[in-house]
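Letter by letter, the chains look like this.
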Amino acid sequence: MSEKKGAKIFKTQCSQCHTVEAGGAHKQGPNLHGFFGRQSGQADGYSYSSANKKSGIIWGDDTLFDYLENPKKYIKGTKMVYAGLKKPKQRKDLIAYLKKATA
């Protein structure tokens, strides 16, 4: 897994809707700081879909790996308008980056 490659993926495919730093702004999507180990739909001040809030998903390596492949299939009714990251290696790189950047 490559954090560096993951950072590049985040910049090109995620940063238009998400921030990662502590106290970062919500954009079209929520700020992701501290989301590892947290239940989905819990970032203060962001208006989540009821599907996301009710999903009960705890974010970790496995749940993120599956979610990032096809968000709309993983959480039916999510507001996230992202088609997904189909290549497993790219998902692993992105998760490696997110683990560090959002801690």
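Parameters at a glance
Residue positions are counted from 1 within each chain, in the order its sequence is given. Reporting of local features is limited, given that this is a predicted model, to residues whose pLDDT is at least 70; pairs of side-chain atoms are given and counted only at 80 or more, and all residues count toward the totals for whole chains, interfaces and linings. Only heavy atoms go into the side-chain values, all of them from the structure, while hydrogens and water stay out. For helices the rule is a DSSP run of H or I covering at least 4 residues; for strands it is a run of E covering at least 2, with both sets numbered from the N terminus onward. Within these notes, the globule rule equals 2.2 Å times the number of residues to the 0.38 power, and the radius of gyration is based on C-alpha atoms. Only protein chains enter the area calculation, which uses a 1.4 Å probe; residues under 20% of their type maximum are buried, those over 50% are exposed, and those in between are partly exposed. The contact rule is simple, with two residues in contact once any of their heavy atoms fall within 4.5 Å. The charged-residue count follows a simple rule in which Lys and Arg add positive charge and Asp and Glu add negative charge, with His and chain termini not counted at all. To locate a charge, take NZ of a lysine, CZ of an arginine, CG of an aspartate or CD of a glutamate. Ring pairs shown here join Phe, Tyr and Trp side chains whose ring centres sit within 6.5 Å, with only the six-membered ring taken for Trp; geometry is labelled stacked below 30 degrees between planes, edge-to-face above 60, and tilted in between. By convention a nonpolar core is built from buried Ala, Val, Leu, Ile, Met, Phe, Trp, Tyr and Cys residues, the set being connected through side-chain atoms within 4.5 Å.

Participant: Could you give an account of the overall build of the chain, naming the residues involved and the relevant values?
Facilitator: Broken down by element type, the chain carries five helices and zero strands. Secondary structure elements of the chain occur, N-terminal to C-terminal, as α-α-α-α-α. Against the 2.2 N^0.38 benchmark of 13 Å for 103 residues, the chain shows a C-alpha radius of gyration of 12 Å, consistent with a compact globule. Based on the C-alpha atoms only, the size of the chain along its principal axes is roughly 35 × 30 × 25 Å. For the chain, with 103 residues in total, the buried portion stands at 41%. For the chain, restricting intrachain contacts to residue pairs at least 6 apart in sequence, the fraction spanning at least 24 positions comes to 41%. For the chain, the distance from the average site of its 19 positive side-chain charges to the average site of its 8 negative ones is 6 Å.

Participant: Tell me what's going on with the packing of aromatic side chains, and back it up with residues and numbers.
Facilitator: Inspection of every chain in the model, using the stated rule, returns five aromatic pairs. Judged by centre distance (5.5 Å) and plane angle (40 degrees), the rings of F10 and Y97 are tilted. With F10 in helix α1 (residues 3-13) and Y97 in helix α5 (residues 88-101), this residue pair connects regions lying 87 residues apart in the sequence. A residue is classified by how much of its surface remains accessible, and Y97, at 18% relative accessible area, is buried. Relative to Y74, the ring of Y67 lies with its centre 6.0 Å away and its plane at 70 degrees, an arrangement referred to as edge-to-face.

Participant: Describe the nonpolar core, and please don't skip the residues or the numbers.
Facilitator: In this structure, F10, W59, L94 and L98 are the most contacted members of the largest nonpolar core, which totals 18 residues. A total of four residues in this core trace back to one element, the largest contributor, which is α5. For L94, the residues in contact, after removing those within four places along its chain, are G6, I9, F10, C14, L68 and L85.

Participant: With reference to specific residues and values, describe the environment of E21.
Facilitator: In this structure, E21 sits in the loop between α1 and α2 (50-54). Residue classification places E21 among the partly exposed positions, given a relative accessible area of 43%. If near-sequence neighbours (up to four positions away) are discounted, E21 is found in contact with N31 and H33.

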